[in-house]
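Okay, here's what each chain looks like letter by letter:
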Amino acid sequence: MTQKLGRWFSSYPVYFAVGSCAAAAAIGVRAIAGQILDDSTVMGYISSMLCANAVGIAVSYTLNSRFTFAQNRSRPVRVEMMYFLATSLVGMILSTGIATGLREALHWGGGALFYSSLWIAQFAKLETVIFALAVLLVSFFTYFSNKFITFR
């Protein structure tokens, strides 16, 4: 059982490092787009996440196909890209839903006021931290989808 788990997660450290680069790009785009699109509104927040995810998907495919899953690739690139895009779109829907749900719950439940008292509030808006958390949670789904479906 331990060996099987080890094989399943064998590429996850590289995937996490590559994903961190993609996430950093996406989080940066989300923060900038949030300013431009007014992320104080639900539609502005969702729009900023969609822009961020588009950049994150492009960076993630480029780096993962080159570094994380390079030895496992047996499909034509076009097919691989379609599977990657499908996985990423499902991941985008999941992360957008999680982030929007958390944001709304925290705003309605008084969590935004609590957040403003934390040290991290000096460096990042609540919406940015929530987006980063949602992307991290969804990364487990996308890792397994990409490992066992996209890049097999």
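Summary of the structure given here. All of these numbers come straight from a predicted model, not from anything done at the bench. (Residues numbered from 1 in each chain as written. Predicted model: local features only at pLDDT ≥ 70, side-chain atom pairs only at ≥ 80, totals over all residues. Heavy atoms only, no water.)

**Notes on the overall build of the protein chain**
Here's step 1: For the protein chain, the helix and strand inventory stands at six helices and zero strands.
Here's step 2: Every one of the 152 residues in the protein chain was classed for burial, and the buried ones make up 36%.
Here's step 3: Long-range contacts, defined here as pairs at least 24 residues apart, represent 76% of the contacts in the protein chain between residues at least 6 apart.
Here's step 4: Entry remark: accessible area of the protein chain is about 8600 Å², with carbon and sulfur atoms responsible for 73%. (Helix = DSSP H or I, 4+ residues; strand = E, 2+ residues; numbered from the N terminus. Buried < 20%, exposed > 50% of the residue type's maximum accessible area, 1.4 Å probe, protein only. Contact = heavy atoms within 4.5 Å. Areas by Shrake-Rupley, 256 points an atom, 1.4 Å probe, with all protein chains shown as cover.)

**Describing the pattern of salt bridges**
Here's step 1: Evaluation of the coordinates by the stated rule reveals two salt bridges.
Here's step 2: Across the salt bridge formed by D39 and R30, the nearest N and O atoms sit 2.9 Å from each other.
Here's step 3: We classify D39 as buried; its relative accessible area is 4%.
Here's step 4: A salt bridge links E104 to R103; its shortest N-O distance comes to 2.6 Å.
Here's step 5: Residue R103 is classed as buried on the basis of its relative accessible area of 3%. (Salt bridge = Lys/Arg side-chain N within 4 Å of Asp/Glu carboxyl O.)

**Here we look at the packing of aromatic side chains**
Here's step 1: Counted according to the given criterion, the structure contains 13 aromatic pairs.
Here's step 2: Consider the rings of Y15 and F69, whose centres lie 6.0 Å apart with planes at 55°: the pair is tilted. With Y15 in helix α2 (residues 12-37) and F69 in the loop between α3 (42-68) and α4 (77-109), the pair connects residues that are 54 residues apart, well separated along the chain.
Here's step 3: Note on Y15: relative accessible area 7%, which makes it buried.
Here's step 4: According to the relative accessible area criterion, F69 is buried, its value standing at 0%.
Here's step 5: Linked through ring pairs, Y12, Y15, F16, Y61, F69, F84, F140, Y143, F144, F148 and F151 together constitute an aromatic cluster.
Here's step 6: In this structure, K147 is placed above the aromatic ring of F148, and the distance from its NZ or CZ to the ring centre is 6.0 Å. (Phe/Tyr/Trp six-rings, centres within 6.5 Å; stacked < 30°, edge-to-face > 60°. Lys NZ or Arg CZ within 6 Å of the ring centre and 35° of its normal.)

**Topic: a nonpolar patch on the surface**
Here's step 1: Taken together, the side chains of V90, L94, I98, L102, L133, L137 and F141 define a hydrophobic patch exposed on the protein surface, amounting to about 520 Å² of accessible area.
Here's step 2: Put simply, the parts of the chain that give the nonpolar patch at least two residues each are α4 and α6 (126-150).
Here's step 3: At four residues, α4 tops the list of elements feeding residues into the nonpolar patch.
Here's step 4: Assignment of secondary structure puts L133 in helix α6. (Patch = residues over 30% accessible without salt bridge, like charges linked within 9 Å, V, L, I, M, F, W, Y side chains within 5 Å.)

**As for the layout of surface pockets**
Rolled over the atoms, a probe sized like a water molecule indicates the empty space that remains.
Here's step 1: In this structure, the largest pocket occupies an estimated 540 Å³ of space.
Here's step 2: Forming the walls of the largest pocket are 29 residues, and the residues nearest its centre are G19, A23, V135, S139 and T142.
Here's step 3: Contributions of two or more residues to the lining of the largest pocket are made by α2, α3, α4 and α6.
Here's step 4: When residues of the lining of the largest pocket are assigned to their parent elements, the largest contribution, ten residues, is made by α2. (1 Å grid on protein atoms, 1.4 Å probe; cavity = no way out; pocket = protein on both sides within 12 Å on 5 of 7 lines; lining within 4 Å. Points joined across faces, edges and corners; volume = space filled by probe spheres on them.)

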